[in-house]
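# Notes for the structure review
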Amino acid sequence: MAVTVACDTKAQYAPSLPPAAGFRVEDGVLKLWTGTPCHGVTGLTLIFDSGTRESTEQVWTAPKPGVLVERMDLLRVPGATPPDTLGPLQVQKPLPADYDWTRAGSIAFSVDGPEAYGARVDVAQVLRESAQHPSGSYLFGQRGWLEASDVRRENQKSFLTVCTPDPE
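Every chain begins its residue count from 1, and numbering advances along the sequence as written. Predicted model: local features are reported for residues with pLDDT of at least 70 only, side-chain atom pairs are reported and counted for 80 or more only, and whole-chain, interface and lining totals are derived from all residues. By convention in this description, side-chain values take in all heavy atoms of the structure and omit both hydrogens and water.

## Examining the pattern of salt bridges
Put simply, the test is: Salt-bridge detection follows one rule: a side-chain nitrogen of Lys or Arg within 4 Å of a carboxyl oxygen of Asp or Glu. Under the scheme applied here, a residue whose accessible area is under 20% of the maximum for its type counts as buried, over 50% as exposed, and between as partly exposed, the area being computed with a 1.4 Å probe on protein chains only.
Taken as a whole, this structure holds 7 salt bridges when the rule is applied. One salt bridge connects Glu26 with Arg24, and the closest N-O pair in it is separated by 3.1 Å. On the basis of relative accessibility, which here comes to 23%, the residue Glu26 falls in the partly exposed class. Taking the relative accessible area as the measure of exposure, Arg24 reaches 3% and is therefore buried. A salt bridge links Glu129 to Arg128, with the nearest nitrogen and oxygen atoms 3.7 Å apart.

## Topic: the sheet that holds strand β4 (residues 43–48)
Applicable threshold: Here a strand pair is declared whenever DSSP counts at least two bridges between the two strands. Only runs of H or I of at least four residues qualify as helices and only runs of E of at least two qualify as strands under DSSP, and these elements are numbered from the N terminus. Whenever a helix is involved, its axis is fitted only over the stretch in contact; in every case the axis is a line through C-alpha atoms, and angles between N-to-C directions fall within 0 to 180 degrees.
Reading across from one edge, β7-β5-β4-β8-β9 is the order of the 5 strands in this open sheet, with antiparallel pairing throughout. The sheet is open, and its two borders are formed by β7 (90–93) and β9 (119–122), each paired with just one other strand. Geometrically, the sheet is characterised by an average inter-axis angle of 25 degrees between neighbouring strands, direction not taken into account. Note that strand β8 (residues 106–112) and β9 share 4 bridges and pair antiparallel. Within β9, the residue paired with Ser106 across the bridge is Asp122.

## A look at the layout of surface pockets
The condition is simple: Here a cavity denotes a set of grid points, spaced 1 Å apart and computed over the protein atoms alone, in which a 1.4 Å probe fits but from which it cannot get out, and a pocket denotes an open set meeting protein on both sides within 12 Å along at least five of seven lines; residues with an atom within 4 Å of a point are reported as lining. Grid points are joined across faces, edges and corners, and a volume is the space filled by probe spheres set on the points.
Estimated volume of the second largest pocket: approximately 200 Å³. Pro19, Arg120, Phe140, Gly141 and Gln142 are the residues nearest the centre of the second largest pocket, which is lined by 15 residues in total. Within the residue set of the lining of the second largest pocket, elements represented by two or more residues are β1 (19–20) and β9. The biggest single contributor to the lining of the second largest pocket is β9, with 4 residues.

## Concerning the packing of aromatic side chains
What counts, and what does not: Two aromatic rings from Phe, Tyr or Trp, using only the six-membered ring of Trp, form a pair when their centres are within 6.5 Å; if the ring planes differ by under 30 degrees the pair is stacked, by over 60 it is edge-to-face, and anything between is tilted.
Across all of its chains, the model carries 5 aromatic pairs by this definition. Between the aromatic rings of Phe23 and Phe109, the centroid separation amounts to 5.9 Å while the plane-to-plane angle is 80 degrees, which identifies the pairing as edge-to-face. With Phe23 in strand β2 (residues 22–26) and Phe109 in strand β8, this residue pair connects regions lying 86 residues apart in the sequence. By relative accessible area, which is 0% here, Phe23 ends up buried. Every member of this aromatic cluster is reached through a ring pair, and the members are Trp33, Tyr138, Phe140 and Phe159.

## Brief notes about the state of the cysteines
What counts is decided by this rule: The definition used for a disulfide is geometric: two cysteine sulfur atoms within 2.5 Å.
Taken as a whole and judged by the stated rule, the model has 1 disulfide. With its sulfur 2.0 Å from that of its partner, Cys38 forms a disulfide with Cys163. Taking the sign of the torsion about the S-S bond as the criterion, the disulfide between Cys38 and Cys163, at about 105 degrees, is right-handed. A residue pair is termed long-range when its members are at least 10 positions apart, and Cys38 in strand β3 (residues 29–41) and Cys163 in the segment after β12 (160–161) qualify at 125 residues. Look at Cys38 and you get buried, because its relative accessible area is 1%. A relative accessible area of 13% means that Cys163 is categorised as buried.

## Focus on the pairing of strand β5 (residues 56–61)
Two faces make up the sheet, and in a regular strand the side chains alternate between them. Taken together, the 6 bridges between β4 and β5 define a ladder with antiparallel strand orientation. The residue of β5 that forms the bridge with Ile47 is Glu57. Of the strand pairs in this sheet, β5 and β7 are connected by 3 bridges, and their pairing is antiparallel. Each residue of the ladder has a partner; that of Val59, found in β7, is Lys93.

Below you can see the structure in the form of structure tokens.
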């Protein structure tokens, strides 16, 4: 008797399209653009070098019912003044004082509150390429550098912004 088993290589709850968030460095600040508004955000997490011994994270929180997040200054390059943290999202867990995020390999980004997907970005690529692209252009992971018109055109076609519901 022979038994054949097939495995689906896609995670059970994975979205039908790859999720992405936009990142760029401008004037020494790591900036986030979710691509579309995220409503009811109660937390944001950045995990640097996820899954490695060097892994560390920074966590922001906001009281319920949460806040709207679309664009946000996340971090400054080492030695620069930190971004303003007097907004509705407050740093709950800062990076270690001696941690240089610009030496990390990747950043995994996640949103708490609304139904949302995580995203990942290559730190070296965003640091190296940001100055080569206009200020309205952000690195959306494997999708590359996109401006607002690109995101509107491609969201739900070739990728999903982190807070866009899966069309399937």
